[in-house]
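Below, each chain spelled out in residue letters.
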Amino acid sequence: MVEPFVPLRPGEIGMYNCGPTVYDWQHIGNLYAYIVADVARRTFEYFGYRVTQVMNITDVGHIVDDADAGEDKMELAAKREQKDPLELAAMYTRQFIIDRHKLNILDPHVIAKATDHIAQMIELIRRLIEKGNAYVASDGVYFDVTTFPGYGTRLNAENPADREAGARVEVNENKRHPADFALWRAAKPGDLQQWESPWGRGNPGWHIECSAMSMQYLGETFDLHSGGEDHLFPHHECEIAQSEAATGKQFARYWLHVRFLRVEGQGMHKSIGNTYLLSQLEEWGYDPLAFRLLALGVGYRKPLDFTRAGMDAAQNRLVKWRRTIAEACVATGGRMTEPEPDFGVRAGFVNALADDFNTPRAVAAAEMALDLAGSPDLAVRERALWLLFDMDRVLGLSLRDRASAADDLSVDEERLFDERERARESGDYAKSDQIRADLLTKYGIQLKDTKEGTRWERVRPKGA
Ligand code: AMP
Ligand code: ZN
């Protein structure tokens, strides 16, 4: 059932996206979750809301196991790579932001690092202890789930009974109830990241980070909280319990959980070797925005199956869109006309987005606009262009840049292009292949050798 979205304050929306744990490269599954969050933000903005988007960076506290017994992922990575955890965090964060930009994901208004918010977490834990929802044990501070009726059942995830039956329950005799979860963990010898607290040196639990940071920037109640489906339980159920227990108020009004991206029908696992990075897609010759288009074509409630055939189709589709738009721009001399709000395709697009961010239907509306962009009637084409550029405010495929860019090769690109022509003429195919690869990876120029000579196509915006 789709219910109307009613923000806390008219015209404004506060949204919080659970951000990456920066102990490793973010793979295309992770990036997909941020494309979905970006589309949600852009949709709200398209509908005229003023959005405040907050995303955290988890650089401490995310434990390998859902039970509280495992090691901190950042600690493990720091030991694996023999680096300082914050240095590692900075490196993976930087790459993550670069990948986001390639995918046209807008920067959140606030990017909050967990290690910059330890004081806020300590304060929240203090409140919970004071209210009797948390207790101090010898190895940290735990949230007492028996004090929060309905713990674990708020998000209609899996039935808690099934979950318990299937779970590997680690016995920790410091907990009063096996389901109690850590808010603060006492430092273990050799912990690289640890802070002073009223309960001794230690580090925060992962869940408390997101509660503390979201409430810091968005208030105790805010509109939308997002994450991947793996966060339904325990992460988000824990966030709800501890936030609402502390404030006595509703925490997030709406939740958005992205179904996981799968690769060729399988879950992503390091052991299978299918945790692809965006750079791998680029090496295969794909435009990152083709991945964005692929993502838009499914919708966040259905699992997205990433396949090479699907990516080929998305890439071809994007190239075709760009070509049609560029031709329409030439034909109309760049003129555009705004169609009436009830113009069929326009209304179809708006209704699709308003229906639980139905991006597949929105993309279908864009395809209809593309058909119109190929019309022999110039007036129709002008309307189609207006529609497409308007839709791109949400789709984020850089349609306008591509169409309007005076698409000449830059001096450097031209030099390489000519050098390759000479290499080919002299039969130095190793060199010509190398230059072809460089043009693609460094400049986003794809070459096609045809009977009429070498043709080029820009698959990434100039300078990106
Ligand atoms: P992590 O860095 O593991 O905390 O994950 C960052 C974000 O990516 C979280 O919101 C996860 O839920 C999400 N995520 C992880 N794997 C996938 C996947 N295969 N498909 C979609 N989202 C994912
Ligand atoms: Zn979170």
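Residues numbered from 1 in each chain as written. Chains lettered and ligands numbered in written order. Predicted model: local features only at pLDDT ≥ 70, side-chain atom pairs only at ≥ 80, totals over all residues. Heavy atoms only, no water.

**Q** Just to check I follow, could you spell out the site of ligand 1 for this structure?
**A** Around ligand 1, the structure places 18 residues, and the nearest of them are Thr 21, Asn 30, Gly 228, Asp 230 and Leu 261. Within the backbone of Gly 228, one N or O atom sits 3.0 Å away from an oxygen atom of ligand 1. Between ligand 1 and Asp 230, the relevant distance is 2.5 Å, taken from an oxygen atom to a side-chain nitrogen or oxygen of the residue. When the free accessible area of ligand 1 is taken as 500 Å², the share hidden by the protein chains comes to 93%. Mapped by element, the contributors of at least two residues to the shell around ligand 1 are α1 (28–46) and β8 (222–228). The leading source of residues in the shell around ligand 1 is α1, at 4 residues. (Near = heavy atom within 4 Å. Polar contact = N/O pair within 3.5 Å; in protein donor to acceptor, adjacent residues only side chain to side chain. Areas by Shrake-Rupley, 256 points an atom, 1.4 Å probe, with all protein chains shown as cover. Helix = DSSP H or I, 4+ residues; strand = E, 2+ residues; numbered from the N terminus.)

**Q** It is not clear to me how the packing of helix α15 (residues 411–425) against helix α16 (residues 429–443) should be interpreted in this structure. Could you clarify?
**A** To characterise two packed helices, one gives the angle between the axes of the helices and the distance between these axes. Across the interface, α15 lies against α16 with an axial gap of 8 Å and an inter-helix angle of 160 degrees. Taken together, the axis directions place α15 and α16 in an arrangement best described as roughly antiparallel. Like other packed secondary-structure pairs, α15 and α16 cross with a definite hand, here left-handed. For the pair α15 and α16, the contacting residues are Asp 412, Glu 413, Leu 416, Phe 417, Glu 419, Arg 420, Ala 423 and Arg 424 in the first and Tyr 429, Lys 431, Ser 432, Ile 435, Arg 436, Leu 439 and Tyr 443 in the second. (Axes fitted to C-alpha atoms, helices over the stretch in contact; angles between N-to-C directions. Parallel < 35°, antiparallel > 145°, perpendicular 65-115°, else oblique. Left-handed = near helix turned anticlockwise from the far one by under 90°. Contact = heavy atoms within 4.5 Å.)

**Q** What is the right way to read the packing of helix α10 (residues 308–332) against helix α12 (residues 359–373) from this model?
**A** Two numbers describe how α10 lies on α12: the axes approach to 9 Å, and their chain directions differ by 40 degrees. It follows that α10 is oblique to α12 by the angle criterion. Along this stretch, α10 crosses α12, giving a crossing that reads as left-handed. The residues of α12 that touch α10, namely those facing Arg 317, Trp 321, Thr 324, Ile 325 and Ala 328, are Val 363, Ala 366, Glu 367, Leu 370 and Ala 373. A breakdown of the residues in the contact of α10 with α12 according to their chemical character gives 7 nonpolar, 1 polar and 2 charged. (Nonpolar A, V, L, I, M, F, W, Y, C, P; charged D, E, K, R; others polar.)

**Q** Help me understand the environment of Tyr 300 in this model?
**A** Inspection of the secondary structure assignment puts Tyr 300 in the loop between α9 (288–296) and β11 (304–306). A relative accessible area of 8% means that Tyr 300 is categorised as buried. Taking the C-alpha atoms as reference points, Tyr 300 and Asp 355, separated by 55 residues in sequence, lie 12 Å from one another. Contacts of Tyr 300, omitting those with residues within four sequence positions, involve Tyr 32, Val 36, Leu 256, His 257, Val 258, Arg 259, Asp 356 and Phe 357. Side-chain polar atoms of Tyr 300 contact the side chain of Asp 356, separated by 2.5 Å. (Buried < 20%, exposed > 50% of the residue type's maximum accessible area, 1.4 Å probe, protein only.)

**Q** Help me understand the packing of aromatic side chains in this model?
**A** Both the distance between ring centres and the angle between the ring planes are used here to describe each pair of aromatic rings. Scanning all chains against the criterion turns up 20 aromatic pairs. Centre to centre, the rings of Phe 251 and Trp 255 are 6.1 Å apart; their planes meet at 50 degrees, and the pair counts as tilted. For the pair Phe 251 and Trp 255, a shared accessibility class is recorded, and that class is buried. Across the ring face of Tyr 135, the terminal group of Arg 176 is positioned such that the distance to the ring centre comes to 4.0 Å. We note Arg 308 situated over the ring of Trp 284; from NZ or CZ to the ring centre the distance is 4.0 Å. (Phe/Tyr/Trp six-rings, centres within 6.5 Å; stacked < 30°, edge-to-face > 60°. Lys NZ or Arg CZ within 6 Å of the ring centre and 35° of its normal.)

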